[in-house]
Amino acid sequence: MCGIVGLFLKDKSLEPQLGAMLSEMLVLLTDRGPDSAGIAIYGSSAAGHGKITIQSPSPETDFAGLDSEVAREIGAPVAMTVKSTHAVLELPADKLEAARDAITTLRPSARIMGVGESIEIYKEVGLPEEVARRFDVSGMSGSHGIGHTRMATESAVTTMGAHPFSTGPDQCLVHNGSLSNHNNIRRELRREGMKFETENDTEVAAAYLSHQIATGKGLGEALESSLSDLDGFFTFVVGTKNGFGVVRDPIACKPAVMAETDQYVAFGSEYRALANLPGVEQARVWEPEPSTVYFWEH
């Protein structure tokens with residue numbers, strides 16, 4: 001069943017409240033998915049700097065001294081912030097790929113959650129309230145973000161099987177539904193050089209969009225292509241560095257509702273996720289149409 005949320009802020013004065021608003025939206029959909037939960041936040045970073053979010057089943061061991069070890073490998077300063085089982089490393093943007101390779105070599109048990117100039121991803125097994133509290137998501141600021149609470153259907157209940165999935169720089173996706181041709185698409189994308197960490201169909205959808213964007217398509221064009229190339233029932237909410245997109249399959253049997261004001265655009269699997277947002281009583285509220293791409297960019 002799953003519950004998904006998204007919030008794209010137009011009003012910069014709301015940015016300090018992004019984490020708190022997005023967390024509350026997701027907690028309100030807890031009963032749609034008790035297995036795991038996750039949130040991606042697009043925040044600010046210093047000019048020319050990027051971020052790598054990693055997760056470890058043994059954070060005390062894996063995070064000890066990691067910043068200094070990576071700094072030696074890439075020849076550049078690295079700052080690290082640890083939050084429970086996750087850590088965010090900040091470093092020069094032109095060293096992101098080198099740092100990613102170094103982390104994989106230095107800490108093979110750690111997993112990369114997201115890489116980019118502004119994205120941070122936090123996800124774990126557990127209920128949304130527990131996950132949000134564990135990583136102090138309510139205290140985070142940013143321009144937009146997406147979240148997911150999962151009821152597992154396609155793969156095991158694990159941290160890596162939780163959403164959001166990120167398969168490209170500053171890109172991530174959450175999904176309610178089930179893809180029927182994900183195995184074929186996965187094989188095709190592997191031939192194109194894409195790598196996969198799980199057997200989850202949502203990771204395939206994320207990788208498909210990342211590949212489309214890498215070939216030169218914009219977010220809107222990539223979402224349009226998904227309607228003809230991906231089979232099954234799906235509602236996708238997608239984040240990029242500057243953008244936020246929504247698309248539903250041609251049948252659109254998975255629930256979805258959106259609200260837009262001068263201050264924000266919000267998405268929820270059900271209206272109750274939006275009910276406490278400021279000014280929602282005066283918002284334009286609608287159900288996204290089937291086979292229709294919606295996206296906004298800063």
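Whatever comes next refers back to the structure up there.
Residues numbered from 1 in each chain as written. Predicted model: local features only at pLDDT ≥ 70, side-chain atom pairs only at ≥ 80, totals over all residues. Heavy atoms only, no water.

(A) Inspection of empty space enclosed by the protein at higher detail. What the rule picks out here adds up to one cavity of 30 Å³ or more. Along its surface, the largest cavity is lined by Thr-167, Gln-171, Cys-172, Leu-173, Ala-206, Leu-209, Ser-210, Ile-213 and Val-238. At the level of secondary structure, the elements contributing two or more residues to the lining of the largest cavity comprise strand S10 (171–179) and helix H7 (201–214). Taken together, the residues of the lining of the largest cavity sort by class into six nonpolar, three polar and no charged. (1 Å grid on protein atoms, 1.4 Å probe; cavity = no way out; pocket = protein on both sides within 12 Å on 5 of 7 lines; lining within 4 Å. Points joined across faces, edges and corners; volume = space filled by probe spheres on them. Helix = DSSP H or I, 4+ residues; strand = E, 2+ residues; numbered from the N terminus. Nonpolar A, V, L, I, M, F, W, Y, C, P; charged D, E, K, R; others polar.)

(B) Spotlight on the side chain of Asn-200. Here Asn-200 shows up in the loop between helix H6 (182–191) and H7. A relative accessible area of 1% places Asn-200 in the buried class. Only 3.3 Å separates the side chain of Asn-200 from the backbone oxygen of Gly-161, close enough to count as a polar contact. (Buried < 20%, exposed > 50% of the residue type's maximum accessible area, 1.4 Å probe, protein only. Polar contact = N/O pair within 3.5 Å; in protein donor to acceptor, adjacent residues only side chain to side chain.)

(C) Summary view of the environment of Val-280. With respect to the helices and strands, Val-280 occurs in the loop between strand S14 (264–268) and strand S15 (284–286). With relative accessibility at 3%, the residue Val-280 sits in the buried group. Through-space distance from the C-alpha of Val-280 to that of Thr-261 is 7.5 Å; in sequence the pair is 19 residues apart. Aside from chain neighbours lying at most four places away, what touches Val-280 is Ala-259, Tyr-264, Tyr-271, Leu-274, Ala-275 and Val-285. (Contact = heavy atoms within 4.5 Å.)

(D) Spatial organisation of the sheet that holds strand S6 (residues 111–116). One open sheet holds the four strands; their spatial order is S4-S5-S3-S6, and the pairing between them is antiparallel. The open sheet terminates on both sides in strands that have one partner only, identified here as strand S4 (79–83) and S6. With direction set aside, neighbouring strand axes in the sheet form an average angle of 20°. Alignment of S4 against strand S5 (residues 86–92), held across five bridges, turns out to be antiparallel. Note that in S5 the partner of Thr-81 across the bridge is Val-88. Of the strands in this sheet, strand S3 (49–55), S5 and S6 touch helix H4 (residues 96–106), which is tilted by about 20° from S3. (Pairing = 2+ DSSP bridges. Axes fitted to C-alpha atoms, helices over the stretch in contact; angles between N-to-C directions.)

(E) Examining the layout of surface pockets more closely. As a volume, the largest pocket reaches approximately 790 Å³. As for the largest pocket, its lining consists of 32 residues, and the residues nearest its centre are Arg-100, Ile-112, Ser-166, Lys-195 and Glu-197. In terms of residue count, the dominant contributor to the lining of the largest pocket is H4 (six residues). Looking at the lining of the largest pocket, its residues break down into 15 nonpolar, eight polar and nine charged.

(F) Representation of the pairing of strand S16 (residues 294–297) within the structure. Every second residue of S16 is oriented toward a common face, the buried set being Tyr-294 and Trp-296 and the non-buried set Phe-295 and Glu-297. Bridge count between strand S12 (residues 243–248) and S16: four bridges; the pairing is antiparallel. By the bridge assignment, Gly-245 is partnered in S16 with Phe-295.

(G) The packing of H7 against helix H8 (residues 219–229), seen in detail. Following both chains from N to C, one finds H7 and H8 inclined at 130°, their axes separated by 9 Å at the closest point. By the criterion of interaxial angle, the relationship of H7 to H8 is oblique. By crossing handedness, the relation of H7 to H8 is classed as right-handed. Contacts from Tyr-208, Leu-209, Gln-212 and Ile-213 in H7 reach Ala-222, Leu-223, Ser-225, Ser-226 and Asp-229 in H8. For the contact of H7 with H8, the class distribution of residues is five nonpolar, three polar and one charged. (Parallel < 35°, antiparallel > 145°, perpendicular 65-115°, else oblique. Left-handed = near helix turned anticlockwise from the far one by under 90°.)

(H) Spotlight on the sheet that holds strand S9 (residues 165–168). The strand order across the open sheet formed by five strands is S9-S10-S11-S12-S16, and the pairing between neighbours is antiparallel. Each having just a single partner strand, S9 and S16 make up the two edges of the open sheet. Across the sheet, the mean angle from the axis of one strand to that of its neighbour is 20°, orientation sign disregarded. Strand contacts of H7: S9, S10 and strand S11 (232–239), with the helix running at about 130° to S10, the strand carrying the most contacts. Together, S11, S12 and S16 form the strand contacts of H8, whose direction differs from that of S12 by roughly 15°.

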